[in-house]
Amino acid sequence: MTGAARLEMKNISKQYYGNRVLKGLSFSVNKGEVLSLVGENGAGKSTLMNILFGMPVIHSTGGFDGEIFLDGEKANIKSPEEAMKLGIGMVHQEFMLLPGFTITENIKLNREITKDSLLSKIFGKPMKWLDLPAMKADARQSMDTIGLGIDEMLPVRGLPVGHMQFVEIARELDKKNIRLLVLDEPTAVLTESDADKLLEAMKILTGKGISILFISHRLDEVMAASDKIVVLRDGEQIAETRPSETTIDRIAELMVGRKIESGEMVGRPPSELKDDYILEIRDLSVAMPGERVKGVNLDVKRGEILGIGGLAGQGKIGIANGIMGLFPSDGDVKKNGKTIKLNAARASLDNAMAFVSEDRRGTGLLLDDSIEFNIVATAIQVQGKFLTPGKVRILDSQAMTGLATNMIQELDIRCTGPGQLTRRLSGGNQQKVCIARAIILEPNLLFVSEPTRGIDIGAKKLILDHLVKLNRDNGLTIVMTSSELAELRSICDRIAIVYQGKLEGILLPTDSDRDFGLMMAGEYHKFHGKEAV
Amino acid sequence: MRLLQKNIVPIVFIVLCTIGFHYSGLSWMFFANDLMTRLARNSFLVISLIIPVLAGMGLNFGIVLGAMAGQFAAFITVVYNLTGITGFFLACVLSIPFAVLFGWLTGILFNKAKGKEMITGLILGFFANGLYQLVCLIFIGWIIPISNKALLLPSGIGFVNTLDLKIWQYAIDKFYVFKLKGITTPLLKYLNNINFPVLTLIIVALLCTAVYLLFRTKLGQDFRAVGQNRHIAEVAGIKVDRVRIIAVIFSTVLAAWGQLIFLQNIGNVQVYGSHVQVGTFAVAALLIGGASVSKATIGQALLGTVLFHALFIVSPLAGKNIMGSAQVGEYFRVFVAYGVIGIALALHAWQRLTKKE
Ligand SMILES: Nc1ncnc2c1ncn2[C@@H]1O[C@H](COP(=O)(O)OP(=O)(O)OP(=O)(O)O)[C@@H](O)[C@H]1O
Ligand SMILES: [Mg+2]
């Protein structure tokens, strides 16, 4: 079998309800290689990986066409179980962790270490005892490999998303027979430093001869990590190339099918924004695990786009979550001079504030409802919009559909129509629905956290442009939290940097990289000896 | 405060029982003895509900089929006159094939109606009752010959309403405690007057231990995994449908045994009635113990059995003393049983809705 590729996928096609989402893809990966799949949201990346892993969603919708070979042998993969037996591991785009189980139990899920019991002699494996100490030791070992230092007996519920992602990776590492590992956007929920750690871990794996299929919308990662890059567009294979033969711009162009002009900074100089504050935050503390806020003072000017940046775990994520009542918080927050009630999610919504959470996989799309209903659901519930006037109020479906169609266009949600179930959208397009849902509320203060995470390069610009448009045309004040500095600098007027749960200072998008670096590391004031702007 | 909130259901029932007991005018001795008997004979049925709850299938109203399996086995022992403790244990063994078959069929049905197991189980109970009556009323004596005509209706077809189970009544209950002589410590002396059916209690205790240990095995872990999220369990390679069927089979077999224990205490079987309310009563007891549709522990099952039956004992008399009519207490009792189930199901639906938001 020498010379056979680790994985060869030949002429793969797939239809979902008559909609052709993959159109004859063929490619191969060798032993110890990393192949990256790039493409717009909805291009078909996850679908392709679900085929390889035998996911139920593929086989309950009529299967697929084409052939798969593993190390030269034809593989007929009909279920995840069979895929795992063949040595295929997968980290899915959405979390596959049981919240009520501990980290150890999740890592060892269905691969528990067992000891003989009295009954197991007769009834076999199901009746064997779990060997918890041995399971713990294994979990510890794979967690250490990727530098995940937390207690292996913690329940998964309540872990920060970044940790959950590493738990998933640890689980795959723990599978000893792995030949091929699929990572579907593993870095989407990670900060840049954590993503780097992940890329390191991938190197260790390929060093052991494991091949990796890697999906990411961060093209710099793709360039750094891959041996081969396959570009998909609308289910077609547009190109196969190598990092040495191409550039990020070129890949982006191939993905989107047109040139993407790089966005320039649109932030306005401080003189253009009056000292009229829509939000005054005093001494805000938020008990969000992993992102604690410990006494932040911050003023948001009416009509500005304020960025909140900082390294992972410093608390930048916690601010919006605290104000919107999603985590226990304490302090004094005034909107338009009036104190708002903390720890009350509903009160925040009633105060014309809206929030796009960073944890979109966790905070609820109604997957079995249509796109249009998801977009208007909160508006119906909180504001009674989209209901016909009168005593008996029913859903005004015309208004709902009209608005949804509009949002679908504005945010370029790739779907078959406003009536499509959100379950049947690609991951990135589900996130666009979340953003649409918040915009529909017509808030006058919008919090967005990591708005472009998991969104392809083309759509990313579209979303940022749309935010700027809302800001300029409707005077919407926006507070955007992001771990991508470039994104913050492209649209924000001012950028607040959070360090160790406190506000370290505020910079302008035009300030130097060095200043940003220093401030995020908490060293800025030592160097400059003065208060920031 | 939290603790109070979490355990509000059992607390309310403890209060109700206390009030009821006060007004019933029953003596402690009588109350304790009656409660002990009821605990011994009913807890098995309630415990049989735990596994499906943890496997994510909700409250298994389908245990009615388990009760039927137990009764079929009981009929066989009556027909062949298998007596005493051997007769009882033979009935337990004989009930296994019936219960496994019924559980398997129930499990297959539940797999076709995922997410709607409770209502399916409830309806299945009614449907199965129809088939059961068909067998007992028409097939018996016609397709299935019975030599002892005393067991049959005058027409020679169908079982009589009530079959006597004297042949193994108290088969295991009769192993009472130690009525020790010469005990003077007041409390112990007092306890010494209660009839502890030791063997039955030991069997219940063994069952509790077995259920507890089950959740430390691979199978138990699979139950819990499937119970939390079918999709994730399936992606991890767990054979979800199979695990669910096994959970129902376990539950059905336990219910069959539970019904036999119940019958051996009662001493007769209402051919057309003994099983009918088994499902609802066991479910109500479990819920009163503080369990929910997705969480249940052995402790809750036992506590629930105690409270539910304490209410049973005191409510007719309390009703009579307060309202002047035992009927009122009776109504109250039935109202409570169904009310608790209704509230629990509504709460469950509501929780599911809010979780989605
Ligand atoms: N369960 C499903 N039923 C019907 N259509 C689906 C289903 N899942 C995905 N699709 C469709 O298949 C296409 C490809 O989706 P896929 O999830 O593979 O995209 P993707 O490349 O992974 O995108 P993203 O970067 O957003 O994750 C999309 O048009 C999507 O709407
Ligand atoms: Mg995807």
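Counting of residues starts from 1 at the beginning of each chain's written sequence and follows it residue by residue. The order in which chains are written sets their letters, starting at A; the order in which ligands are written sets their numbers, starting at 1. Reporting of local features is limited, given that this is a predicted model, to residues whose pLDDT is at least 70; pairs of side-chain atoms are given and counted only at 80 or more, and all residues count toward the totals for whole chains, interfaces and linings. Side-chain descriptors were evaluated using all non-hydrogen atoms of the structure, hydrogens and water having been removed beforehand.

Regarding the sheet that holds strand β20 (residues 477-481) of chain A
Residues and elements named next belong to chain A.
1) Next: Two strands pair under a simple rule: DSSP has to find at least two bridges between them. A helix here means a DSSP run of H or I that spans at least four residues, while a strand means a run of E at least two residues long, and both kinds are numbered starting from the N terminus. Judged by pairing direction, the sheet is mixed, and its six strands sit side by side in the order β18-β19-β20-β15-β21-β22 without closing on themselves. Every interior strand has two partners, whereas the edge strands, β18 (353-356) and β22 (502-507), have only one. Strand-to-strand twist in this sheet, taken as the mean axis angle between neighbours without regard to direction, amounts to 20°.
2) Next: Strand direction decides the pairing type here: strand β19 (residues 445-449) and β20, joined by five bridges, are parallel. By the bridge assignment for β20, serine 449 is matched with threonine 481.
3) Next: Relative to the sheet, helix α15 (residues 427-440) contacts β18 and β19, its axis offset from that of β18 by approximately 175°. A fitted line through C-alpha atoms serves as each axis, taken over the contacting stretch for helices, and the angle formed by two N-to-C directions is quoted from 0 to 180°. Two residues form a contact once any of their heavy atoms are found within 4.5 Å.

Points about the site of ligand 1
Residues and elements named next belong to chain A.
1) Next: Surveying the vicinity of ligand 1 reveals 21 residues, the closest of which are Lys45, Ser46, Thr47, Ser426 and Gly428.
2) Next: Measuring from an oxygen atom of ligand 1, one finds a backbone N or O atom of lysine 45 at 2.8 Å.
3) Next: Here the accessible surface of atoms and residues is derived via Shrake-Rupley with a 1.4 Å probe, and residues count as covered only by protein chains that are part of the display. For ligand 1, the accessible surface in isolation is 630 Å², of which the surrounding protein chains cover 92%.
4) Next: Mapped by element, the contributors of at least two residues to the shell around ligand 1 are α1 (45-52) and α15.
5) Next: Here the shell around ligand 1 is built from residues that sort into six nonpolar, 11 polar and four charged.
6) Next: When we break the shell around ligand 1 down by domain, the ones giving at least three residues each are domain 1 (7-106 + 156-256) and domain 3 (361-426). The criterion for a residue being near a molecule or strand is simple. One of its heavy atoms has to lie within 4 Å of it. Think of a polar contact as two N or O atoms within 3.5 Å of one another; within protein, one of them needs to be a possible hydrogen donor and the other a possible acceptor, and neighboring residues in sequence only count if both atoms come from side chains. Throughout this entry, Asp, Glu, Lys and Arg are counted as charged residues, while Ala, Val, Leu, Ile, Met, Phe, Trp, Tyr, Cys and Pro are counted as nonpolar. The remaining residues, Gly among them, count as polar. Note: domain ranges come from an automatic or database domain assignment.

Digging into the packing of aromatic side chains
1) Next: When the centres of two rings from Phe, Tyr and Trp lie within 6.5 Å, Trp using its six-membered ring, the rings pair. Their planes under 30 degrees apart give stacked, over 60 give edge-to-face, and anything left gives tilted. One pass over the structure, following the stated rule, counts 18 aromatic pairs over all chains.
2) Next: Note on Phe98(B) and Phe102(B): the rings are 6.4 Å apart at their centroids and 50° apart in plane angle, and the pair reads as tilted. Of this pair, Phe98(B) and Phe102(B) both sit in helix α6 (residues 84-112), four residues apart, which is roughly one turn of the helix.
3) Next: Three exposure classes are used, based on accessible area relative to the maximum for each residue type with a 1.4 Å probe and protein chains only: buried under 20%, partly exposed in between, and exposed over 50%. Residue Phe98(B) is classed as partly exposed on the basis of its relative accessible area, which comes to 27%.
4) Next: When its relative accessible area of 16% is taken as the criterion, Phe102(B) is described as buried.
5) Next: Joined through ring pairs, the aromatic side chains of Phe72(B), Phe75(B), Phe98(B), Phe102(B), Tyr132(B) and Phe159(B) make up one cluster.
6) Next: Look at NZ for Lys and CZ for Arg. If either is within 6 Å of the ring centre and within 35 degrees of the ring normal, a charge sits over the ring. For Lys197(A), the ring lying beneath its charged end belongs to Phe166(A), and the centroid distance is 5.3 Å.

Considerations on helix α5 (residues 63-79) of chain B
All names here are of chain B.
1) Next: Look at α5: 24 Å from first C-alpha to last across 17 residues, which is about the 24 Å you get at 1.5 Å a residue.
2) Next: Where burial is concerned, most of α5 is hidden: 15 out of the 17 residues are buried.
3) Next: Just past α5, the residue asparagine 81 takes up positive phi, approximately 50°. Under the convention used throughout, the expected extent of a helix is 1.5 Å for every residue step, that is, one less than its residue count.

A few points about the coordination of the magnesium ion (ligand 2)
Perfect tetrahedral coordination of a metal by four donors corresponds to 109.5 degrees between them, and perfect octahedral coordination by six donors corresponds to 90 or 180 degrees.
1) Next: Only Ser46(A) (OG) and Gln93(A) (OE1) from the protein coordinate the magnesium ion (ligand 2), and they sit 1.9 to 2.1 Å from it. Placement of Ser46(A) in helix α1 and of Gln93(A) in the loop between β6 (88-91) and α4 (103-107) is noted, with a sequence separation of 47 residues between them. Here a donor is any nitrogen, oxygen or sulfur atom (N, O, S) within 2.8 Å of the metal, with 3.2 Å used for Na, K and Ca; water is not among the atoms considered, so some sites may look incomplete.

Observations concerning the pattern of salt bridges
Where charged atoms from two side chains of opposite charge come close, those side chains can pair.
Residue and element names in this part refer to chain A.
1) Next: Any Lys or Arg side-chain nitrogen found within 4 Å of a carboxyl oxygen on Asp or Glu counts as a salt bridge. For the coordinates displayed, the defined rule picks out 43 salt bridges over all chains.
2) Next: Glutamate 67 is the salt-bridge partner of lysine 74, the closest N and O atoms lying 3.7 Å from each other.
3) Next: In this structure, aspartate 412 engages arginine 414 in a salt bridge whose closest nitrogen and oxygen atoms are separated by 3.0 Å.
4) Next: On the basis of relative accessibility, which here comes to 25%, the residue aspartate 412 falls in the partly exposed class.
5) Next: On the basis of relative accessible area, arginine 414 is assigned to the partly exposed category, the value being 30%.
6) Next: Connected through shared salt-bridge partners, Lys108, Arg111, Asp138, Asp174 and Lys176 make up one network.

Overview of unusual backbone geometry
All names here are of chain A.
1) Next: The residue asparagine 11 is not glycine, and still its phi comes out positive at about 55°.
2) Next: The phi dihedral of glutamate 185 falls on the positive side, at around 50°, and the residue is not glycine.
3) Next: Its location among the elements puts glutamate 185 in the loop between β9 (180-184) and α8 (192-207).
4) Next: Of the residues examined, glutamate 185 reaches a relative accessible area of 5% and is grouped as buried.

Here we look at the sheet that holds strand β4 (residues 65-70) of chain A
Residues and elements named next belong to chain A.
1) Next: The strand order across the open sheet built from four strands is β2-β1-β4-β5, with neighbouring strands paired in antiparallel fashion. Each edge of the open sheet is held by one strand with a lone partner, namely β2 (19-29) and β5 (73-75). Across this sheet, the average inter-strand angle for adjacent strands is 25°, counted without regard to direction.
2) Next: In terms of strand pairing, strand β1 (residues 7-16) meets β4 through five bridges, oriented antiparallel. What sits directly across from serine 13, in β4, is aspartate 65.
3) Next: Strands in contact with α1 are β1, β2 and β4; relative to β1, the strand with the most contacts, it is inclined by about 115°.

Side note on the state of the cysteines
Such a bond, covalent and formed between the sulfur atoms of two cysteines, is termed a disulfide.
1) Next: When two cysteine sulfur atoms lie within 2.5 Å, the pair is treated as a disulfide. Scanning the model with the defined rule gives zero disulfides over all chains in all.
2) Next: Cys434(A) carries a free sulfur, and the closest cysteine sulfur to it, the one in Cys415(A), is 14 Å from it.
3) Next: Its relative accessible area of 5% is what places Cys434(A) among the buried residues.
4) Next: Not engaged in a disulfide, the cysteine Cys17(B) finds its nearest cysteine sulfur in Cys208(B); these two sulfurs lie 20 Å apart.
5) Next: Taking the relative accessible area as the measure of exposure, Cys17(B) reaches 9% and is therefore buried.

Considerations on the side chain of Asp222(B)
1) Next: With respect to the helices and strands, Asp222(B) occurs in helix α10 (residues 218-228).
2) Next: Using a relative accessible area of 9% as the deciding quantity, one classes Asp222(B) as buried.

Comments concerning the confidence of the model for chain B
1) Next: Looking at chain B, the pLDDT average stands at 86 and 91% of residues meet or exceed 70.
2) Next: Interface confidence for the predicted complex, expressed as ipTM, amounts to 0.84; the pTM equals 0.82. Within a predicted model, pLDDT stands for the predictor's per-residue confidence, ranging from 0 to 100.

Some points on the interface of chain B and chain A
1) Next: At the interface, 23 residues of chain B touch 28 residues of chain A.
2) Next: Note: buried area is the sum, over both parts, of the accessible area (probe 1.4 Å) each one loses when the two are combined. Across the chain B/chain A interface, buried area totals approximately 2,300 Å², and carbon plus sulfur atoms make up 64% of it.
3) Next: Remark: the boundary between chain B and chain A carries three salt bridges.
4) Next: Where Glu112(A) meets Lys218(B), a salt bridge forms, and the shortest distance between an N and an O atom there is 2.7 Å.
5) Next: Summed over the shared surface of chain B and chain A, the result is 11 residue pairs in polar contact (both at pLDDT 80 or more).
6) Next: Mapped onto the side of chain B that touches chain A, the elements with two or more residues apiece are α9 (198-214), α10 and α11 (230-235) of chain B.
7) Next: Grouping the amino acids of the side of chain B that touches chain A by side-chain chemistry returns nine nonpolar, six polar and eight charged.

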